[in-house]
Amino acid sequence: MTTDKSFYVTSPIYYVNDAPHIGHAYTSLACDVLARFKRLDGYRVRFLTGTDEHGQKVEKSAQAAGVDPQAFSDRNSAKFRNLSQALGLSNDDFIRTTEPRHIAACQEIWRRLKERGQIYLGSYSGWYSVRDEAYYAEGELVTAPDGEKRAPTGADVEWVEEPSYFFKLSAWQQPLLDYYAKHPDFVLPQARLNEVMSFVKSGLQDLSVSRTSFRWGIPVPEDPAHVMYVWLDALTNYLTSVGFPDTKTDDYRAFWPADVHMVGKDILRFHAILWPAFLMAADLEPPKRVFAHGWWTIEGQKMSKSLRNVVDPIELAKKYGLDQVRYFLLRELPFGNDGDFSHKAIVHRTNGDLANDYGNLAQRVLSLIARNCAGRVPTPGPLDDADNALLGAAHGLLAEVRADIDVQAFHEALDRIWTVVRAANGYVDRQAPWALAKSDVPRMGTVLYVLAETIRHLGLLAQPFMPGVTGKLLDQLAVPADQRTFASIGPGSALTPGTELPKPTGIVPRYVEATP
Ligand code: MSP
């Protein structure tokens, strides 16, 4: 495809100490919907995901598992790669931070920072949390009920004293505030930008960016006794994938700065403060947006290994269907908010929104056409107000949904699509094409044509969310593969009357509890 519109979306890279769970799947699925939407909308897209393999957390987990960190990373990175496949993610690259291309990119960014006087040698003494891979100031710590000092996240902290290189983060306080002021959509949701701004306003300290007390990291150029701080290493992955340090490549020019870094709220500060500061200091452009989504609890409880309630996304997709899981995760909560995952809620969405509303609409229309129009796209006669209202709503959806997707309001995009699903079901009830089959065959043809066109739009627009279900729907409308992008939205590419359609089959089954 030739296009000058490009779009770069990234998921966080996942720590290899953990097995993939629903939280990882959530971030990646949101990126996937965005990537698919933009591709269908004519953009050249790059969607990056991968694994974060260095640092003390991974080193300790590898030790606990009795394997060397590289072998440990190889094994666990593969699990995330499998997750991408199982979820049908359309990522264009899968990066591992132990790859040579990434080591080269990190060492280059370090050199650039060093050359520009942004890094100096000192020594760090202070608190560090291995679980969060973060430094905490004394004042940020909280005292747990057991009297121990903890990170504000509840993670254990340890006292660290070692030679370390520092990044002059304090010098970037004002430039960051200026950047936020100039780009009010840099962080979404808006409330999260306010949190970031007040943190930055409260004062930034220089940041320790190298460690000497363990080895599992990228060696600092010209001083290999130090390994780079894992967040400097990890964040740089977004540049590595587009070819950095070579900034002349086609990919780099097309995709940097990134359009959206999708992250969970827990890692927003790293992305909205450290990352743009590192980039500005290295004389590179900061990303256009960081979106921080909320967290899921499971049946009302925090997800944790000790509670044995960790949800495996692959199992979930096997149980309910992949598109059902994708739909549920993006529809159930306003994207950005926290929410609760429950069996009851996913069954409710699957059987209500999907089977009853969407699936049933398609089924009714397709089987009426099969029965009454000899299985061919009917020929419409003159359109009345009700017909124009429904078709107009379907044609107008793209512009509205696009505006929602541009601010990552996935729930609103779906809600809008479902407004037309419900309007179409209401239209079927009122027009009663089964009665027209006996009383007014030409009018029946018009009604079924309007409905077929409407479900074609509902199929096209829901593709980023439910690629499988919508694929089946568009197959049943005999929509050719090259007419499934958003360029085919609107009256210009309407279904051709007389086109033969395949025998209808259901597109979304109801979820029925298996009997034990
Ligand atoms: N390695 C870092 C990211 C580096 S990016 C340069 C990291 N990895 S992680 O594996 O711990 O987390 C990845 C993502 O999973 C985060 O965006 C986090 O918010 C998300 N989630 C983890 N648990 C979650 C829930 N219970 N609910 C929703 N998302 C959650 O952080």
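From a predicted model like this one, the values you see are computed outputs, not experimental measurements.

**Overview of the packing of helix α11 (residues 313-320) against helix α12 (residues 322-331)**
- Running from N to C, α11 and α12 point in directions that differ by 110 degrees, and their axes come no closer than 6 Å. For the element pair α11 / α12, the angle class is roughly perpendicular. Seen from α11, the contacting residues are Leu316, Ala317 and Tyr320; seen from α12, they are Leu322, Gln324 and Val325.
- Split by residue class, the contact of α11 with α12 holds five nonpolar, one polar and no charged.

**Things to note about the domain arrangement of the chain**
- Assigned domains of the chain: these are domain 1 (6-294) and domain 2 (343-488).
- The centre of domain 1, based on its C-alpha atoms, is set 42 Å off from the matching centre of domain 2.
- Each partner contributes residues to the interface: domain 1 has 13 residues there, and domain 2 has 16 residues.
- Area buried by domain 1 at its contact with domain 2 is led by Val33, Phe37 and Leu40, which between them contribute 49% of it.
- Linking domain 1 with domain 2 are two salt bridges.
- Between lysine 38 and aspartate 406 there is a salt bridge, with its nearest N and O atoms 2.8 Å apart.

**Points about helix α1 (residues 22-40)**
- If you check α1, its first and last C-alpha atoms are 26 Å apart, about what 19 residues at 1.5 Å a residue would give, namely 27 Å.
- A large share of α1 lies buried, amounting to 16 of its 19 residues.

**Digging into the pattern of salt bridges**
- Taken as a whole and judged by the stated rule, the model has 39 salt bridges.
- Arginine 111 is the partner of glutamate 108 in a salt bridge, and the nearest nitrogen-oxygen pair spans 3.3 Å. One end of the pair is glutamate 108 and the other is arginine 111, both in helix α4 (residues 100-115) and three residues apart, which spans about a single turn.
- Judged by its relative accessible area of 33%, arginine 111 is partly exposed.
- Each of Arg44, Arg46, Asp93, Glu99, Arg101, Asp250 and Asp251 takes part in salt bridges that share partners, so that together they form one network.

**Quick look at the side chain of threonine 454**
- Counting through the fold element by element, threonine 454 comes out in helix α17 (residues 441-462).
- Judged by relative accessible area, threonine 454 falls into the buried class, the value being 0%.
- Residue contacts for threonine 454: discarding those within four places in its chain leaves Leu390, Leu391, Ala394, Val420 and Ala424.

Conventions used here
- Residues numbered from 1 in each chain as written.
- Predicted model: local features only at pLDDT ≥ 70, side-chain atom pairs only at ≥ 80, totals over all residues.
- Heavy atoms only, no water.
- Axes fitted to C-alpha atoms, helices over the stretch in contact; angles between N-to-C directions.
- Helix = DSSP H or I, 4+ residues; strand = E, 2+ residues; numbered from the N terminus.
- Parallel < 35°, antiparallel > 145°, perpendicular 65-115°, else oblique.
- Contact = heavy atoms within 4.5 Å.
- Nonpolar A, V, L, I, M, F, W, Y, C, P; charged D, E, K, R; others polar.
- Domains from an automatic or database assignment.
- Buried area = accessible area lost by both parts, 1.4 Å probe.
- Salt bridge = Lys/Arg side-chain N within 4 Å of Asp/Glu carboxyl O.
- Expected span 1.5 Å × (residues − 1).
- Buried < 20%, exposed > 50% of the residue type's maximum accessible area, 1.4 Å probe, protein only.

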